[in-house]
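# Breakdown of the fold
If you want the building blocks of each chain, they are given just below.
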Amino acid sequence: MSESWPYVLAGATQLQVYNMGLGGYGPNQYSHLLPQALKLKPKVIAVGLYMGDDFENAFLITYGLKHWAALRALPTEQVDYNIWQTQQESPPLHKAIRIWLSRHSVLYQLIFHGPLLGVLQGEAQIRMAAKASDAVSVLSVPEEGILEAFRPKGLLANLDQGSVNVKEGMRITFLLLEQMKELCRQNDTHFVVVVIPTKEMVFADHLENRLAMPLGDVIHKLLTNERMARDKTFDALRQSGIDVVDVLPALRAQRGSQLYARTAGDMHPNGNGYRVIGQTVASAIRLPDRTER
């Protein structure tokens, strides 16, 4: 789900950054946390909007919990709001042992998840993924240092611009962000939305030239729908007077620097990717001087 946002930037003489989010949080949780964040008297609050699942998150939470019923515009329906619940089959014994060791043994982590061996294992897993699963596609561009796995099916469902639920999730998201911006204005705090693209959009230039690759048609549809969703998002935020930081250009500029987890199962950015995002946000935000208040 979403990354750990929002971030609260505060401090009179030096920059302090507080992470008020948890993995899986989305627009509703951001809105709920905002009053607590404002108690820190921040200069800036930056909310990350991940295109891959924040709209789905907003729909599920709004229509799954009565607390958010006032936001609903569609006929009430029963929705499972537990976005954290996953149903996984029990792994085979050898894999279960490896998982246990990786969580309980520092020595095992150092040997098998260290900088060199961890990367080699990750790349081997990525190369094997496309052969082992019909849900994974792999892009390899050796001359640019690119070797990445993609799981576009779920993302396409979350961004399908023909889906009533996705459209409703977008409406709810834009409304919550507008309300958050107004509350920040009332508290003399700069409110910023950081638009985070899907991994597929970061590598779109390469992926769109490979329609024959596994899941190429799904990736093409995903990119088409994400571009439509991005246009609607930027339009909505602009109309609400919300400042936006788009990290897509920066991620694309460094896409050969292994910005994402070196695995075929986790599509999140790794330390390199989050560093690019963080540096882009820091460069884009102009922190107002306290004396200007």
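Residues numbered from 1 in each chain as written. Predicted model: local features only at pLDDT ≥ 70, side-chain atom pairs only at ≥ 80, totals over all residues. Heavy atoms only, no water.

## Let's talk about the overall build of the protein chain
Scanning the protein chain for helices and strands turns up 12 helices and 7 strands. Here the protein chain holds 293 residues, and 46% of them are scored as buried. Taking contacts inside the protein chain between residues at least 6 apart in sequence as the whole, the part at least 24 apart equals 67%. As presented, the protein chain carries roughly 15300 Å² of accessible surface, and 54% of it is formed by carbon and sulfur atoms. (Helix = DSSP H or I, 4+ residues; strand = E, 2+ residues; numbered from the N terminus. Buried < 20%, exposed > 50% of the residue type's maximum accessible area, 1.4 Å probe, protein only. Contact = heavy atoms within 4.5 Å. Areas by Shrake-Rupley, 256 points an atom, 1.4 Å probe, with all protein chains shown as cover.)

## Digging into the confidence of the model for the protein chain
Summary statistics for the protein chain give a mean pLDDT of 82 and a share of 73% for residues scoring 70 or more. Contacts from residues 288–293, a stretch scored under 50 in pLDDT, to residues over four places away or in other chains number 11 contacts. (pLDDT = per-residue confidence, 0-100.)

## Regarding the pairing of strand β6 (residues 190–196)
Summarising burial for β6: 6 of the 7 residues are buried, a large majority. Note that strand β3 (residues 44–50) and β6 share 7 bridges and pair parallel. Within β6, the position partnered with Tyr 50 by the bridge is Ile 196. Pairing geometry for β6 and strand β7 (residues 243–246), over 4 bridges, is parallel. The residue bridging Val 193 from the neighbouring strand is Val 244, located in β7. (Pairing = 2+ DSSP bridges.)

## Notes on helix α7 (residues 164–186)
Spanning 23 residues, α7 covers 33 Å between terminal C-alpha atoms, matching the ideal 33 Å at 1.5 Å per step. Buried within α7 we find Val 166, Glu 168, Gly 169, Met 170, Ile 172, Thr 173, Phe 174, Leu 176, Leu 177, Met 180 and Cys 184. At its buried positions, α7 is contacted by α1 (27–38), β3, α2 (54–64), α6 (152–159), β6 and α10 (216–239). Structurally, the start of α7 carries an N-cap: the backbone nitrogen of Asn 165 is 3.3 Å from a side-chain oxygen of Ser 163. (Expected span 1.5 Å × (residues − 1). Polar contact = N/O pair within 3.5 Å; in protein donor to acceptor, adjacent residues only side chain to side chain.)

## Quick notes on the nonpolar core
Counting 60 residues, the largest nonpolar core has Leu 177 and Phe 191 as its most contacted members. Tallying contributions element by element places α10 first for this core, with 8 residues. Once residues within four sequence positions are removed from consideration, Phe 191 is found in contact with Ile 45, Val 47, Leu 177, Met 180, Lys 181, Cys 184, Ile 242 and Asp 243. Core analysis: the second largest hydrophobic core is formed by 10 residues, Ala 58, Tyr 63, Trp 68 and Val 79 among them. (Core = buried A, V, L, I, M, F, W, Y, C linked by side-chain atoms within 4.5 Å.)

## What about α6?
All of the buried residues in α6 are Pro 152, Leu 155, Leu 156, Asn 158 and Leu 159. Projected onto a plane normal to the axis of α6, the buried residues spread over an arc of 165 degrees and lie on a single side. Those residues of α6 that are buried are in contact with β3, α2, β5 (146–150), α7, α8 (199–202) and α10. (Arc of directions from axis to C-beta.)

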